[in-house]
Amino acid sequence: MNLIDKVYSMFIIGTEGGGYEKALSHPLGGIIFFTHDIQSKEQFKNLIKNVKKKSSAPLFLSIDQEGGRVERTENIHNGKKYLSARLAYTKGKDFLKKQTEEIAKELKDFGINLNFAPCIDVNTNPKNPIIGERAFSDNPHEVITAENIVIKTYIENGIMPCIKHFPGHGDADSDSHLSLPVIDLPLDIMEKIHIAPFKSAVENGIDMIMAAHLHCKCFDKNTLPASLSKNALTYLRNNLNYNGIIISDDMIMKGVAAYGSIEACIMGIKAGINMFIYRNSTPETISVIESLAKIAQKDNELKNCIEKSYEIISDTKNRKLT
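Residues numbered from 1 in each chain as written. Predicted model: local features only at pLDDT ≥ 70, side-chain atom pairs only at ≥ 80, totals over all residues. Heavy atoms only, no water.

S.K.: Honestly, the sheet that holds strand 10 (residues 245-250) in this entry has me stumped. Any pointers?
M.R.: In a beta sheet, neighbouring strands pair by backbone hydrogen bonds and run either parallel or antiparallel. Here we have 9 strands laid out as an open sheet, ordered 5-4-3-2-1-11-10-8-6, and parallel in their pairing. Both outer strands of the open sheet, strand 5 (160-161) and strand 6 (163-166), are each paired with one neighbouring strand and no more. Across 2 bridges, the pairing between strand 1 (residues 11-16) and strand 2 (residues 30-33) is parallel. Residue pairing for strand 2: Ile13 is matched across the bridge by Ile31. This element, helix 11 (residues 261-271), spans strand 1 and strand 11 (275-280) of the sheet and lies at about 155° to strand 11. (Pairing = 2+ DSSP bridges. Helix = DSSP H or I, 4+ residues; strand = E, 2+ residues; numbered from the N terminus. Contact = heavy atoms within 4.5 Å. Axes fitted to C-alpha atoms, helices over the stretch in contact; angles between N-to-C directions.)

Here it is as structure tokens:
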């Protein structure tokens, strides 16, 4: 496997922009699908079949399907909506399990194998503009109870879950799609409340964790998104003993955009990110991937990090997708 192919394996990209078709000639990490990709059940199934046919390697075929306001199948459900994480959990553990089964079976039927869910943030800030009902609760123990049900149910139904948004987006007062939120809590409070659900999921063998584009002062004094923070990601590896895939939130988001696409990816890889999400596959996105491969030829630290990421990704795909 050459270096450029290993870099392609680190990216999950969207269809918008059309560059994904070229990318599929390499062993791409995966494709992420959005509402605009899903116009009817048959059309979406055919899209996934065509993607798989063109792919040179097993793909993470992924989606954000949490329920509530993060639901990508709204075009085909004729007004029926899955409940948000909080509302589903409020209806009881049996209801939460049943709804998760429904989501998992529908995704499996389409050909999806990875869901960027559940959201295991502890929503402690009532003014949080982006999490809110996406969180099961404002209590870490309740979040842990709910996440255990959802994670187990996804795995039992052939869908790989990805928990998010490490180290916890629940205390934010801004939206990382629009700016870089700042979390100003001491580490002991972060551990007790916001990191606790991630610790529990790691202990239960979770295979993928999404890192958030938010600045946690307990990890870095200088402004830096956790997704690019060696301190935050090393904590996840060493303190929580996590050995699965660390994936970034969408790299198009404003919370990380200020660093520049290529520089942000270099920083992320060296900090410990194994995979990146780009919601599109424009020429600019494909250029980022190819530029990273060229830069890594002359940057041994970057190259070594890419090699390690490739091993983790390949191991996970071999266990989960074959």
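S.K.: Any chance you could explain the packing of helix 12 (residues 283-296) against helix 13 (residues 300-320) here in plain terms?
M.R.: Packed helices, taken two at a time, are described by the angle between their axes plus the distance between the axes. Across the interface, helix 12 lies against helix 13 with an axial gap of 8 Å and an inter-helix angle of 120°. Here helix 13 runs oblique to helix 12, going by the angle between their axes. Across from Leu292, Ile295 and Ala296 in helix 12, the residues of helix 13 making contact are Leu302, Lys303 and Ile306. When the residues that make up the contact of helix 12 with helix 13 are grouped by side-chain class, the tally is 5 nonpolar, no polar and 1 charged. (Parallel < 35°, antiparallel > 145°, perpendicular 65-115°, else oblique. Nonpolar A, V, L, I, M, F, W, Y, C, P; charged D, E, K, R; others polar.)

S.K.: Even after reading the chapter, I still don't get helix 13, so can you show me in this structure?
M.R.: Side chains that are three or four residues apart share a direction in an α-helix, a result of its 3.6 residues per turn. For helix 13, spanning 21 residues, the distance from its first C-alpha to its last is 30 Å, which sits close to the expected 30 Å at 1.5 Å a residue. Among the residues making up helix 13, those that are buried are Leu302, Cys305, Ile306, Ser309, Tyr310, Ile313, Ser314, Thr316 and Lys317. Two to three positions downstream of the cap, the backbone nitrogen of Glu301 sits 3.2 Å from a side-chain oxygen, assigning the N-cap of helix 13 to Asp299. (Expected span 1.5 Å × (residues − 1). Buried < 20%, exposed > 50% of the residue type's maximum accessible area, 1.4 Å probe, protein only. Polar contact = N/O pair within 3.5 Å; in protein donor to acceptor, adjacent residues only side chain to side chain.)

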